[in-house]
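Report on the structure
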Amino acid sequence: MGNAYNTLVVYPEKCNGCGECEKACAKAKADSTDIVHSRIKVLKNLEDEYFGPVVCMQCGEPSCVKSCPAGALTKNPETGVVEWDEDKCVSCTICTLGCPYGGIYYNPLMSNVMKCDHCGGDPECVKVCEPKAIEYKTEANVYKDQGEREDLFAPGLAACLGCNMEILIRHTLRHVGPNTVLAAPPGCVPGIAVVGINGFTGTKVPSFHPLLTNTASMLAGVRRYYKHIGRDVQVLALAGDGGAADVGFQSLSGAAERGEEVLFVCIDNEGYMNTGMQRSGTTPYGSWTSTTPVGSSLPGKSGDQKYMPLIMLMHNCEYVATAVMAYMEDYHEKLEKAIQASKKGFAYLHVFSPCTTGWRYPQEKTMEVQRQAVATNTFPLWEYEREAEKFAFTHPVDNPTSMEDYIGMLGKFRHLSKEQIDHHRNTVATRINLLKAIAEEGIKPLKAAV
Amino acid sequence: MQTKYLIIGSSHAGLTAAEEIRVHDAGGSLTMLTMEDCLPYSPTILPYIVEGKVEEKLIYLRDEKYFQEKNINFLKGKKVVNIDAKASKVSLADGSEIAYEKLLVATGGNPTVPPVPGLKEANYLVLQTMEDARKINEVAKNAKHAVVMGTGLVGMHAAEALGKKGLQVELIRGRRRAVLPNYFDSDAGKLIHQVFLDNGINCDLDKHVKEVESANGKSKVVLDSGEALETDLLVVGTGVKPRIDFLGDSGIQADKGILVDNMMKTSVENVWAAGDVAQAADFYGKEKVLTGILPDASDQGKIAGLDMAGDKAVNLAFDEIGGQAALSYRGGVSMNTFNFYGNKSFSVGLSLANEEDGYEIDTMSLPTSCMYQKLVFDGDFLVGAVGINVTLDPGILVNIIRLKIDLKDKKAEFASNPLDMSRRIMWDSWRGAINTAG
Amino acid sequence: MPKRIVVDGNEAAAYGALLAKPDMCAVFPITPQSSVGEKVATFIANGDLKADLLDVEGEHSVLSMLQGGALAGARTFTATCGQGLAFMFEPYFRSPNLRLPIVMCIVCRDGITPQCVWGGQQDAMTVKEVGWIQMHCENNQEITDSIVMAYRIGEHSDVMLPVNVCFDGNFLSYAAEPVEIVDEEIADKFMGENNVNWHAALDPERPMAIDPLTGMTAPGGEAFARYREGQCKGMQNSLRVIPEIHKEWKELTGHDFAPLIEEYRLDDAEHAIMTIGSMTGAGKDAVDVARDKGKKVGLIKVKTFRPWPLKAMVSALSKIKALSVVDRSVNFGWNCGPLYQEVLATLPFLDKKIPLVSLIGGLAGTDLTIDHMAEAIKTAEDAAQGKVAEETIWLNKMY
């Protein structure tokens, strides 16, 4: 992972062509009212009502930089801004040939090229954009922070295209760091060779391929011994839903109940995807899997999903949270809390992890499926901190989007009848109502009756 | 000496290749050679050095610190005289040898000197290296009169630079009776020519050099007309050809330049070539061509670096799913800018095409303001464009040409408002690419 | 000064752990093993044993936690039996393959069904091919001492395997006997430095993948075969190491136990009986009685059952003309006792064929008495005279 930077994000569909950004830019950069000095250009002279800001994208691999014969353009490794050095520039304008986005222009009044510099981190154009067609996104900070840490996952992997796991594993390992023992029970995680294959390792941390059934207890043993000899070694489980909710549940439950100092991440792809998409305890109602097939006599899975996060909450874990990779900052915040909690007791992260192959949706929709699952309250994001006696939604959804929009994205639900979809809606509503009730009541012990 | 990667040449192709190699292989030993005595620079900058627009010390593309950080062994003053591909080693002018595992030839071009009687013996200068630029500046200091041979980019640019230094400049065309005939049609060329004349450059396109005589360190340029121009400084800028005189019996196949495939691989195992020295795929036809264009050199260098050090399987996989042009070379689109006396011009794609060849041409010309715009369409596709002192984004136009975007019913509006329409198409293709992927 | 105490077998096992000073002890109850865990937990609770107590939710996690601990470098101890062993089978059959020198008692219990919570060696015999070293004890002193020795055997760099110290449920687990507990310093000297995971470890200071996927295409399949071959070599090496360790223990403590098999009054015997575990006491008494009557009979006690001590066995069997084998469990595939079958497989290594008789008794906590052993001696004597029982003889069976 390279460095990530703050950036201007433009939404042409929101732009109304008002041109305020150009005025603000010309004022800020040249103290002029002539928008020829603006480094942002608005499409507004077209026959139809089509608008949109054109501005430098501050590319990761800027072709303007590579095209400059004078070394006058450089990408600043700290800020990510492609910087222009007036002293070096010879005005050859070859950079304007290189840029495919129209992000660098020749200014005939100044006899020089010019380009956006983010106003040093506080872009004027953003402040004046009433329809919010330009935003200055600073969310990438998490990538910046993590980008500086070592990637502890080997390059290359054997996952399906579009799999959610690579990003999860790389981010998680970067964050937990090298003083970690990793265990990944049978499933997609070792299936993509995380624990190594034929003499080669998949990670730069010690890794183990435990049984599907014993990840939590085996890691607890590792942690116990290191503690016994006075070493603080992080232990981390990257387990699937089978290794957590089904056959792995006993050891998980036992370890959580004993308060073993384990960080257990359940990567829930709602089934046994590595073995060919069989149903698990977290497979949702009505879902097609290879063992809950859909035919004239069977309509997919007959029972409801087991809701692991609340089950784990009732184990008095130090920390329990639900997360998705689509909300990366949220994930890292929770991961950090989980790491700290796992030095005192059991920490459980339940990550909703769509499977392009088993759920049957296009590869590039993995993040979108997660966002929809959150937006429909199918997978609410929350966290529980035992010591702080805190239960809170981290991404509350007050006006959930249509369940049909989520279900419609997924091939495994394509056969659902109206009744089955209603069943889903009810399950989701029941769950969110229960969670809301917990959030409202709070986790604190009841006050003694007066 | 032994190295995993050896790169001969340190301009855009070589530098980009090194950068790409380091993306995939942080530790493999990498040696970069330049025959010159200075840090890497772009030959494109040289006329600006002559002009005095920028100081030499400012224009180097990399510094020593960069090479240290990237763990690149950068060696100055190392001229390769032979490649022994069988033994995987090169011989240097100083008699030493360097063994390599993978070799990139990125040696750029050598100036060509036209077969004019007496020219070879004359005290002429070219403008291809930093040393050349320094020499011209040295001679120009005490010169009053200069003759520049060649009306291509180098010749034109040198003429302007010397004129601005106060020399009386005589600019004499090369083989073709036009200025910048590779990039501008005669209408555009005339505009540019006039600006040179207006700025005191003598440039009669009817004049042609017959022979050159030398006496007392001075040259006398004799024209077809019999006119003789005695001059203090004779600059030859009639073109370049790939620098391949060291291939020896390496077996590396070359035509005008070193022949390479779409991954910039030569005919010989473990040898690649990129940049002005390479003769590579053409964007339009099947024949391999020289491009000699800066952005192309960078593209080729990146591809060569990827192929030398990168993950072949990844590249193959990309190829199988429809491919990214960036990952294999699909041919360069001609493009250049030419800026003269405060005027800006560019030429992209099939800029010289005309209606007789079946193209649709849309031109706009305001000679009094030195403005010119030409759009070349092949059916509903933009294939070329020229602009002098007009506001357009040449890079967007290049991309529209390169991606072969069908303008359909937008063509008419495009012709009347190319600036905004090209930006809109940029948006649509950019976002469309994302949306259609879904 | 060594101290003499009177303890039952389960307590004797806990004292073995106390002497060996493991880093981790995992406990989970099952009859007749439960009091091993209770006693160990008490030692830890009182500070006598500075080990981590793993009070887990089932046998599966018992062994799983010990595997994790051992992979990090811990000396580990636990005990189980019967259904508990069956439930732990998944991590159990992986422990030897991981080459982890875990020490675990099997307080032998018969297999259900019929439902039964009493002694019988069906559990240990069922897992004999899994790759653990199995040592069966005759009395409580041997339990204590064998547990201490088991660490040294398992941790030996030529062996690197887990060890089961097996003893009979009920007959030893609950039977009190005097046991001499050696001095702590002597035990410490004997135990030396922990030598658990020098070869492979889950340790961030030397990161490696333990147990990556291995198989199929080269070099996977070949690597797997080499790994297995090495594991089998380790098992065979233990036949050299076990006597060495027993000798060392004897020199330090004076406690003398036959490491592989014990030959009792065998040198001039014409026929013999073979015993395993606590029945050996009754067997020896029966041999003494028969000797008093002038019968030339001896006894072979099997201490090390896995790996099978082939050479020692061939040497012992070469001395006699007939053998009766008493088993406390059954081999369903062969309609005989498992021990009998092992001897059967040994016969081709002898210069001459000798007749064998299979007797099965003492199942589900029933007693094997001197009378039963006398019956076994009689069948051996008959066999030596050509009257070989063709069918397995079931002792203490309801008619």
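Residue positions within a chain follow its written sequence, with the count starting from 1. Each chain takes a letter, starting from A, and each ligand takes a number, starting from 1, following the order in which they are written. Totals for whole chains, interfaces and linings use all residues, but because this is a predicted model, local features are given only for residues with pLDDT of at least 70 and pairs of side-chain atoms are given and counted only at 80 or more.

Attention shifts here to the overall build of chain A. Put simply, DSSP H or I for four residues or longer makes a helix, DSSP E for two residues or longer makes a strand, and each gets a number counted from the N terminus. Helix and strand counts for chain A come out as 16 helices and 16 strands. Burial is judged by counting the other C-beta atoms within 10 Å of a residue's own C-beta: 20 or more makes it buried, 12 or fewer makes it exposed, and any count in between marks it as partly exposed, with every C-beta position built from the backbone. Relative to its full complement of 450 residues, chain A shows a buried share of 51%. Residue pairs are scored as contacts if the distance between their C-beta atoms, which are placed from the backbone, is within 7 Å. In chain A, 66% of the contacts between residues at least 6 apart in sequence involve partners at least 24 apart.

Excluding glycine, residues mostly have negative phi values, and the peptide bonds linking residues are mostly trans. Cis geometry is adopted by the peptide bond preceding threonine 113 of chain C, which originates at isoleucine 112 of chain C and carries an omega value of 5°. For the peptide bond that leads from threonine 113 of chain C to proline 114 of chain C, omega is 0°, which places it in the cis range. Inspection of the secondary structure assignment puts proline 114 of chain C in the loop between β5 (103–108) and α6 (122–126). Here alanine 193 of chain A, not a glycine, exhibits a phi torsion of approximately 75°, which is positive. Looking at the secondary structure, you find alanine 193 of chain A in the loop between α7 (188–191) and β10 (207–208).

What follows concerns the environment of valine 388 of chain C. All names here are of chain C. With respect to the helices, strands and loops of the structure, valine 388 is situated in the loop between α13 (370–384) and β16 (393–394). A tally of 16 C-beta atoms within 10 Å means that valine 388 is categorised as partly exposed. Sequence separation between valine 388 and serine 324 is 64 residues, and the spatial gap between their C-alpha atoms is 9.8 Å. Contacts of valine 388, omitting those with residues within four sequence positions, involve Pro355, Val357 and Ala383.

If a strand is regular, its side chains alternate between the two faces of the sheet. Residues and elements named next belong to chain C. Here strand β11 (residues 271–276) lies mainly inside the structure; six of its six residues are buried. The alternating pattern of β11 places His271, Ile273 and Thr275 on one face and Ala272, Met274 and Ile276 on the opposite face, and all of these are buried. DSSP-based pairing: two strands are paired if at least 2 bridges between them are found. As paired elements, β11 and strand β12 (residues 297–302) share six bridges and run parallel to each other. Note that in β12 the partner of alanine 272 across the bridge is glycine 298. Looking down the strands as they point away from you, a crossover is right-handed if its path from the first strand over the helix to the second goes clockwise. The handedness of the β11 to β12 crossover, carried by helix α10 (residues 279–292), is right-handed.

This part is about the sheet that holds strand β9 (residues 180–183) of chain A. The mixed open sheet is built from nine strands, whose spatial order is β16(A)-β15(A)-β13(A)-β14(A)-β12(A)-β11(A)-β9(A)-β10(A)-β9(C). Where the open sheet ends on each side, the last strands, each with one partner, are β16 (390–393) of chain A together with β9 (209–210) of chain C. Both β9 of chain A and β10 of chain A contribute to a ladder of two bridges, which runs parallel. Across the sheet, leucine 182 of chain A pairs through a bridge with serine 207 of chain A, a residue of β10 of chain A.

Here the focus is the interface of chain C and chain A. In many reports, interface size means the accessible area that the parts give up when they come together. Taken together, the 35 residues of chain C in the interface contact 37 residues of chain A. Among the secondary structure elements, those contributing two or more residues to the side of chain C that touches chain A are β3 (52–55), α3 (59–72), α5 (89–92), β9 and α9 (220–253) of chain C. Of all the elements, α3 of chain C adds the most residues to the side of chain C that touches chain A, at ten residues. Throughout this entry, Asp, Glu, Lys and Arg are counted as charged residues, while Ala, Val, Leu, Ile, Met, Phe, Trp, Tyr, Cys and Pro are counted as nonpolar. The remaining residues, Gly among them, count as polar. The class makeup of the residues in the side of chain C that touches chain A is 19 nonpolar, ten polar and six charged. As paired elements, β10 of chain A and β9 of chain C share two bridges and run parallel to each other. Across the sheet, residue phenylalanine 208 of chain A finds its bridge partner in β9 of chain C, namely isoleucine 210 of chain C.

All right, on to the interface of chain A and chain B then. On the side of chain B, 37 residues touch chain A, which itself brings 34 residues to the contact. Within the residue set of the side of chain A that touches chain B, elements represented by two or more residues are β3 (52–54), α2 (63–67) and α3 (94–98) of chain A. Ranked by residues supplied to the side of chain A that touches chain B, first place goes to α3 of chain A with four residues. A breakdown of the residues in the side of chain A that touches chain B according to their chemical character gives 16 nonpolar, twelve polar and six charged.

Expected helix span is given by 1.5 Å per residue-to-residue step, counting one fewer step than there are residues. Here helix α7 (residues 294–309) of chain B contains 16 residues, and its C-alpha end-to-end distance of 23 Å stays within 8% of the 22 Å for a straight helix at 1.5 Å per residue. Counting buried positions over the 16 residues of α7 of chain B gives 16, a clear majority of the element.

Residues and elements named next belong to chain C. Within strand β15 (residues 356–360), five of the five residues are buried, which leaves the element mostly enclosed by the surrounding structure. Alternating positions in β15 separate into two faces, Leu356, Ser358 and Ile360 on one and Val357 and Leu359 on the other, with burial throughout. The pairing of strand β14 (residues 322–327) with β15 spans five bridges and is parallel. In the sheet register, aspartate 327 faces β15, and the bridge partner there is isoleucine 360. Of the crossover connections in this fold, the one passing from β14 over helix α12 (residues 338–346) to the parallel β15 is right-handed. Sheet analysis places β15 next to β16, joined by two bridges and oriented parallel. Bridge pairing links leucine 359 to isoleucine 393 in β16. Traced from β15 through α13 to β16, the parallel crossover comes out left-handed.

Let us now look at the packing of α10 of chain C against α13 of chain C. All names here are of chain C. Closest axis-to-axis distance for the α10/α13 pair is 8 Å, and the angle between their directions is 60°. Taken together, the axes of α10 and α13 lie oblique to each other. Helix-helix and strand crossings are classified by hand; for α10 and α13 the assignment is right-handed. Where α10 abuts α13, its residues Ala282, Gly283, Asp285, Ala286, Val287, Val289 and Ala290 lie against Ile370, Met373, Ala374 and Ile377. Of the residues belonging to the contact of α10 with α13, the class tally is nine nonpolar, one polar and one charged. What counts as an axis is a line fitted to C-alpha atoms, over the stretch in contact for a helix, and the angles between N-to-C directions run from 0 to 180 degrees. Angles below 35 degrees are treated as roughly parallel, those above 145 as roughly antiparallel, those between 65 and 115 as roughly perpendicular, and all remaining angles as oblique. If you view the pair so one helix is near and one far, a crossing is left-handed when the near helix is turned anticlockwise from the far one by less than a right angle, and right-handed when it is turned clockwise.

Another aspect to go through is α3 of chain C. Residue and element names in this part refer to chain C. With 14 residues, α3 extends 20 Å from end C-alpha to end C-alpha; this agrees with the ideal 20 Å at 1.5 Å per step. Summarising burial for α3: 14 of the 14 residues are buried, a large majority. With its phi angle positive at about 125°, glycine 73 sits one or two positions after the end of α3.

The term nonpolar core means buried Ala, Val, Leu, Ile, Met, Phe, Trp, Tyr and Cys residues held together as one set by C-beta atoms within 7 Å. Counting residues in each nonpolar core, the largest one holds 209 residues, and the members touching the most others are Phe264 of chain A together with Val165 and Ala380 of chain C. With eight residues, the top contributor of residues to this core is helix α1 (residues 9–20) of chain C. Leave out the neighbours within four places in its chain, and valine 165 of chain C touches Val103, Cys105, Met135, Cys137, Ile143, Ser146, Ile147 and Ala150 of chain C. Within the second largest apolar cluster, 166 residues are counted, among which are Leu43 of chain A together with Tyr5, Ile8 and Val398 of chain B.

This part covers the environment of proline 22 of chain C. Residue and element names in this part refer to chain C. Within the secondary structure, proline 22 sits in the loop between α1 and β2 (24–27). We classify proline 22 as buried; it has 28 C-beta atoms within 10 Å. When the C-alpha positions of proline 22 and valine 148 are compared, they lie 9.9 Å apart, and in sequence the two are 126 residues distant. Once residues lying within four places of it in the same chain are set aside, the contact partners of proline 22 are Ala17, Ala51, Arg75, Thr76 and Phe77.

To continue, consider the sheet that holds β16 of chain C. All names here are of chain C. Read across the open sheet, the six strands follow the order β10-β12-β11-β14-β15-β16; overall the sheet is mixed. The sheet is open, and its two borders are formed by β10 (261–264) and β16, each paired with just one other strand. Contacts from α12 reach β11, β12, β14 and β15, with the element oriented near 145° to β14.

Residue and element names in this part refer to chain B. For chain B, per-residue confidence averages 90 on the pLDDT scale, and residues scoring 70 or more make up 94% of the total. Overall, residues 317–326 carries pLDDT values under 50, and its contacts beyond four positions in sequence, including any with other chains, amount to six contacts. Here residues 432–438 is modelled with pLDDT under 50, and outside its nearest four sequence neighbours on either side it reaches four contacts, counting other chains as well. Scored by ipTM, the complex comes to 0.93, with pTM at 0.69. The predictor attaches a confidence to each residue, and that confidence, scored 0 to 100, is pLDDT.

All names here are of chain B. Mapping valine 235 onto the fold places it in strand β14 (residues 233–236). The sequence separation of valine 235 and leucine 171 amounts to 64 residues, and the corresponding C-alpha distance is 9.6 Å. In contact with valine 235, not counting residues within four places along its chain, are Leu125, Leu127, Ile136, Ala146, Val148, Met149 and Ala158.

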